[in-house]
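Tertiary structure, described
Listed below, chain by chain, are the residues.
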Amino acid sequence: MDSQFKKQKIIETLKAVSPKDIDPNAGKLFAYIYNTGESEVKEIGYEAYKMFQEKNCLDFTVFPSAIFFEKELTKMARGWMRGGDSVVGTFTAGGTESILLAVLAARENYFKSGKQGQPEIVAPETIHPAMAKAAFYLGMKLVKTPLRSDGKADVEKLLSTLSPNTALVALSASNWAYGVVDPISEIAPQVKKQGIPVHVDSCLGGMVLPFFRLNGQSLPDFDFSVDGVTSLSMDFHKYGFTLKGASLVLFQNSEYAKNSIYADVSSPGYVFVNRAILSTRSVGHLAAAWASATWIGEEGYKNFADQTAKAHDTIVEGLGKLGFQKTTPSEKHILVIHHNQIDLVNYILNMKKKGWILHLQKAYPQYNIPLNIHLTISPVHIQVANQFIEDSKQAIEEDSGLSIPKIQSNPQEFMQKLTTGETDSSILPLLIDFIPQDQANEMLKQVVTQWFMP
Ligand SMILES: *Cc1c(COP(=O)(O)O)cnc(C)c1O
């Protein structure tokens, strides 16, 4: 095969392989994709990525550009997070890795201070699963505490859960499920008095909430301006709008940050010093994140935050006329809605037929939170808000053939049908709720293993 022909074949396959993938630029997704609606932001990132892709963060003495980009990103980030000159940062591949490093730092800090016993993380129920995953990977225990009815951490209940084994308190700004900022300024100073570090998971809100505030919206304090906050994670690949594979974990100072570094001089091979979890990493992601963030700049981020807020308000108003209500007092990057009259399963399945991907979240009766739909709002949604409302109007009238009572009558059967694709995966959160958690976890592992069998 001559190489031109071979190349053409590969391109054809690349195009043919994903007919069912949702177009990431169409604005029809309300998760996974954070889209500005402008292509230049990404193009500058791709250009930087190409220029630096082959270079390796593994040895930053050979590729000092890696140090330059990381320092510059940290400077931007700590400014927006109102941290002083002592705040240092580590670039990672994503929020999960940032959280793993923050948890590792807390665990090492715990043992260094002479404490014994299995170290614990105390966090409200809304803490992202990445925190549970970090506890699982790092041999720690996650202790979850109750919420208030607005979806924020219950301060008293959290503080009374602290014990001599608490290595870290983790809070969110904002949390994913309800889009609300935990009462961080009421909690962190109290936790500090007991010598316990506090991590703020701002993976979701980190690159949008500071700009809401700069635009004049009132917001609770959640960053390094709050006494007691020792680390903070923020994703550039979410509201930073950079290419995927970009997050930052910030530490209060370099002394504390050292707890997250792995160094090993014992090998007969090379001297091993890793600031992040992976060893070999492309400088490309770092360069791309720096290029896009610099292209956008503070004014650009303020502008995008403003568009996000406007898209939120337009959708809230339009859906409000159809009887939907805001379930939680989320900040405007997130919208959580419910409806007292219609069947939400029927609605989301009808919306899916129109190309919209919506996310169901289970009810939380103990906090009076009904079954609801979660939307992550991006600037691109301003372009599609009216169509979304128009389609919603039709979708609540149509019959998808499936409803909540039908699923409730035999959840196990619908779960089985997931394997074959007969059950639409968007109803999974509802299904899971009818099955005991341990059993559901095992079933899920079984299903996805099937899906990936070559
Ligand atoms: C997205 C998210 C994470 C995890 O980030 P990944 O980049 O997907 O690893 C953690 N916390 C919150 C609140 C998030 O929204």
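Below or above, wherever it landed, is the structure these notes cover. (Residues numbered from 1 in each chain as written. Predicted model: local features only at pLDDT ≥ 70, side-chain atom pairs only at ≥ 80, totals over all residues. Heavy atoms only, no water.)

Details of the overall build of the protein chain
- Helix and strand counts for the protein chain stand at 16 helices and 13 strands.
- Since a compact globule built from 454 residues should have a radius of gyration of about 22 Å, the 23 Å found for the protein chain is in line with a globular shape.
- Dimensions of the protein chain, computed from the C-alpha atoms along their principal axes, are close to 70 × 65 × 45 Å.
- Here the protein chain holds 454 residues, and the buried ones make up 52% of them.
- Taken as a whole, the protein chain presents about 21200 Å² of accessible surface, with 54% of it coming from carbon and sulfur.
- Placing the 43 positive and 47 negative side-chain charges of the protein chain at their respective mean positions leaves the two points 2 Å apart. (Helix = DSSP H or I, 4+ residues; strand = E, 2+ residues; numbered from the N terminus. Rg over C-alpha atoms; globule rule 2.2 N^0.38 Å. Buried < 20%, exposed > 50% of the residue type's maximum accessible area, 1.4 Å probe, protein only. Areas by Shrake-Rupley, 256 points an atom, 1.4 Å probe, with all protein chains shown as cover. Lys, Arg positive; Asp, Glu negative; His and termini not counted. Charge placed at Lys NZ, Arg CZ, Asp CG, Glu CD.)

As for the site of the ligand
- Close to the ligand lie 13 residues, the nearest being Gly 95, Thr 96, Asp 201, His 237 and Lys 238.
- Separating an oxygen atom of the ligand from a side-chain N or O atom of Thr 96 is a distance of 2.6 Å.
- In this structure, an oxygen atom belonging to the ligand sits 2.8 Å away from a side-chain N or O atom of Lys 238.
- Element by element, the count of residues in the shell around the ligand is highest for helix α4 (residues 95-112), at three residues.
- A breakdown of the residues in the shell around the ligand according to their chemical character gives four nonpolar, six polar and three charged. (Near = heavy atom within 4 Å. Polar contact = N/O pair within 3.5 Å; in protein donor to acceptor, adjacent residues only side chain to side chain. Nonpolar A, V, L, I, M, F, W, Y, C, P; charged D, E, K, R; others polar.)

Topic: the side chain of Ser 247
- Examined against the element boundaries, Ser 247 turns out to sit in strand β7 (residues 247-251).
- Judged by relative accessible area, which is 0%, Ser 247 ranks as buried.
- Engagement of the side chain of Ser 247 in a polar contact is seen with the backbone oxygen of Met 234, the distance being 3.2 Å.
- Once residues within four sequence positions are removed from consideration, Ser 247 is found in contact with Thr 90, Phe 91, Thr 92, Gly 94, Gly 95, Ser 98, Met 234, Asp 235 and Phe 236. (Contact = heavy atoms within 4.5 Å.)

Section: the pattern of salt bridges
- Scanning the entire structure with this criterion turns up 22 salt bridges.
- Here Glu 72 and Lys 75 are joined by a salt bridge, their closest N and O atoms 3.1 Å apart. Taken together, the residues Glu 72 and Lys 75, both in helix α3 (residues 65-80) and three residues apart, mark about one turn of the helix.
- Assessed through its relative accessible area of 24%, Glu 72 is described here as partly exposed.
- Assessed through its relative accessible area of 44%, Lys 75 is described here as partly exposed.
- We note a salt bridge from Glu 108 to Arg 107, for which the minimum N-O separation is 3.0 Å.
- With a relative accessible area of 28%, Glu 108 lands in the partly exposed category. (Salt bridge = Lys/Arg side-chain N within 4 Å of Asp/Glu carboxyl O.)

Details of the pairing of strand β5 (residues 198-201)
- The alternating pattern of β5 places Val 198 and Val 200 on one face and His 199 and Asp 201 on the opposite face, and all of these are buried.
- Of the strand pairs in this sheet, strand β4 (residues 166-172) and β5 are connected by four bridges, and their pairing is parallel. Paired with Val 169 across the bridge in β5 is Val 198.
- Tracing the backbone out of β5, into helix α8 (residues 209-214) and back to the parallel element strand β6 (residues 229-235) gives a crossover that is right-handed. (Pairing = 2+ DSSP bridges. Right-handed = clockwise from strand over helix to strand, strands pointing away.)

Re the sheet that holds strand β2 (residues 120-124)
- Strand order in the open sheet made by the seven strands is β1-β7-β6-β5-β4-β2-β3, with mixed pairing throughout. Across the chains shown, the open sheet's two edge strands, defined by having one partner strand only, are β1 (88-92) and β3 (141-145). Sheet twist, expressed as the average angle between the axes of neighbouring strands with direction ignored, equals 20°.
- Across five bridges, β1 lies against β7 in antiparallel orientation. When the sheet's bridge partners are listed, Thr 90 is paired in β7 with Val 249.
- Helix α7 (residues 184-193) contacts β4, β5 and β6 of the sheet and is inclined by roughly 165° relative to β4. (Axes fitted to C-alpha atoms, helices over the stretch in contact; angles between N-to-C directions.)

Considerations on the nonpolar core
- Formed by 64 residues in total, the largest nonpolar core has its most connected members in Val 169, Ile 184, Ile 187, Met 234 and Phe 236.
- It is helix α10 (residues 283-321) that provides the largest number of residues to this core, a total of 11 residues.
- Apart from residues lying up to four places away in sequence, Ile 184 is in contact with Leu 171, Ser 172, Ala 173, Pro 189, Val 200, Asp 221, Phe 222, Val 226 and Val 229.
- With 39 residues, the next largest nonpolar core counts Leu 319, Phe 324, Leu 335 and Met 443 among its residues. (Core = buried A, V, L, I, M, F, W, Y, C linked by side-chain atoms within 4.5 Å.)

Brief notes about a nonpolar patch on the surface
- Where nonpolar side chains cluster on the molecular surface, the patch consists of Ile 261, Val 265, Val 271 and Val 273 and spans about 350 Å² of accessible area.
- Checked against the element boundaries, Val 273 lands in strand β9 (residues 272-274).
- Judged by relative accessible area, Val 273 falls into the partly exposed class, the value being 34%. (Patch = residues over 30% accessible without salt bridge, like charges linked within 9 Å, V, L, I, M, F, W, Y side chains within 5 Å.)

Some points on the sheet that holds strand β12 (residues 359-361)
- One open sheet holds the four strands; their spatial order is β10-β11-β13-β12, and the pairing between them is antiparallel. Single-partner strands in this sheet number two, and they are β10 (324-326) and β12. Going across the sheet, the axis of each strand differs from the next one's by a mean of 40°, ignoring polarity.
- The sheet contact formed by β10 and strand β11 (residues 334-339) spans three bridges and is antiparallel. Bridge pairing in β11 places Lys 326 opposite Ile 337.
- Against the sheet, helix α11 (residues 344-353) engages β10, β11, β12 and β13 (372-376), with an angle of about 35° to β13.

Regarding the packing of α3 against α10
- For the pair α3 and α10, the least separation of the axes is 9 Å and the interaxial angle reads 30°. Every pair of crossing elements has a handedness; the one defined by α3 and α10 is left-handed. On α10, the residues that touch Ser 65, Ala 66, Phe 68, Phe 69, Glu 70, Glu 72, Leu 73, Met 76 and Trp 80 of α3 are Val 283, Leu 286, Ala 287, Ala 289, Trp 290, Ala 293, Thr 294, Glu 298 and Tyr 301.
- Here the residues of the contact of α3 with α10 sort into 13 nonpolar, two polar and three charged. (Left-handed = near helix turned anticlockwise from the far one by under 90°.)

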